[in-house]
Amino acid sequence: MRCQAVVFLMVMFMCCMISKATPYADSVVNFSQGFGAEPNYNDPSVVLGAPPAEDSYEGYTWPISITSAPYKETDVVSLGNGGSITIAFDHQVMNNPLDVEYGTDLLVFGNSFFACDYENEGRIAGAFFEPAKIEVSQDGVLFYEIADTYADALYPYTASAGNFFHATPADVPYMNRLPGEVEADFLGGCGGAQVDISNAIGLSEPLDWIMYVRVTDIADDSGIADVAGFADVVPEPATIFAMLAGAVFLRRRKAEI
Ligand SMILES: [Ca+2]
Ligand SMILES: [Ca+2]
Ligand SMILES: [Ca+2]
């Protein structure tokens, strides 16, 4: 029985790993750039794979942080006013319950950032957001808007977390705080827009999973949203092991009964 349990654990673990070989967007399904887009920021494929972790200029390199957003045309695509991009993952992005990753299921990265006041110890004095609507879909046809969560706004993302697929707690305060204090309060999350599939509007029952995400710039505001990437929020390895241990326990209990 012990041997069977170990094999079961290994198979389940391999399935988890294989099924999420990459947590990032796999393909661009549609791209429609609106007017007023930044010239040359028109390559939608930049959103595939992990978002940029660093930037450079004239030989200097620095990490992306909540106060230093990606800026190159190879980093982000500009949607233009009313423009949109639709991407697909190569696997189902599952709807995590509230006790896993705060209920967050996927992240959308842009180039929003916090501005610092260097006459006040470098504390955060403002935020540059260009909000865009986020919608999710299972089939790429029927899309559902996510309530109260916008791309290219909260949160700016950071490479300091060392990952681009863990969620950030809600409502981290930032005004008048030091950037390092704010990133510490991300608690290992990397920022980005925190999308909970359960917040999709117009459904009587929440979706269990999605495969497509559409981001659309808000046409009648002054901002022009940019997108740097998408990531499936994966459960902590500890959570996977807890789930597997629970499954093995149930199998053993069943075998004993
Ligand atoms: Ca969720
Ligand atoms: Ca706009
Ligand atoms: Ca932007």
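In the block above lies the structure referred to throughout.
Predicted, not measured: the structure shown is a model, and the values here were computed from it. (Residues numbered from 1 in each chain as written. Chains lettered and ligands numbered in written order. Predicted model: local features only at pLDDT ≥ 70, side-chain atom pairs only at ≥ 80, totals over all residues.)

Novice: Would you mind showing me how to read unusual backbone geometry here?
Specialist: L154 connects to Y155 through a cis peptide bond whose omega is -15 degrees. Positionally, Y155 belongs in the loop between β10 (144–151) and α2 (179–184). Even without being a glycine, E121 presents a positive backbone phi close to 60 degrees. As for its position among the elements, E121 is in the loop between β7 (113–117) and β8 (123–128). Among the residues examined, E121 registers 9 C-beta atoms within 10 Å and is labelled exposed. (Helix = DSSP H or I, 4+ residues; strand = E, 2+ residues; numbered from the N terminus. Buried ≥ 20, exposed ≤ 12 C-beta atoms within 10 Å, placed from the backbone.)

Novice: Honestly, the nonpolar core in this entry has me stumped. Any pointers?
Specialist: A general trend in soluble globular proteins is that nonpolar side chains are found buried together. With 56 residues, the main nonpolar core has V108, V227 and F230 as its most contacted residues. Those elements that provide at least two residues to this core are β5 (84–94), β6 (106–109), β7, β9 (132–137), β10, β11 (193–195), β12 (209–217) and β14 (229–232). If one sorts the elements of this core by residue count, β5 sits on top with five residues. In this view, F230 contacts Y24, A25, V47, I87, L106, L107, V108 and V213; residues no more than four positions away in its chain are not counted. (Core = buried A, V, L, I, M, F, W, Y, C linked by C-beta atoms within 7 Å. Contact = placed C-beta atoms within 7 Å.)

Novice: I'm lost on the environment of G126 in this one. Help?
Specialist: Here G126 is to be found in strand β8. Here the alpha-carbon distance between G126 and F114, two residues 12 residues apart in the chain, equals 5.8 Å.

Novice: Where do I start with the sheet that holds β11 in this structure?
Specialist: Sheet architecture is open: three strands sit in the order β11-β6-β14, paired in antiparallel fashion. In this open sheet, the two strands that pair with only one neighbour each are β11 and β14. Averaged over all adjacent pairs, the angle separating strand axes in this sheet is 20 degrees, with direction ignored. With three bridges joining them, β6 and β11 adopt antiparallel strand pairing. From the neighbouring strand, L106 faces β11, where its bridge partner is V195. (Pairing = 2+ DSSP bridges. Axes fitted to C-alpha atoms, helices over the stretch in contact; angles between N-to-C directions.)

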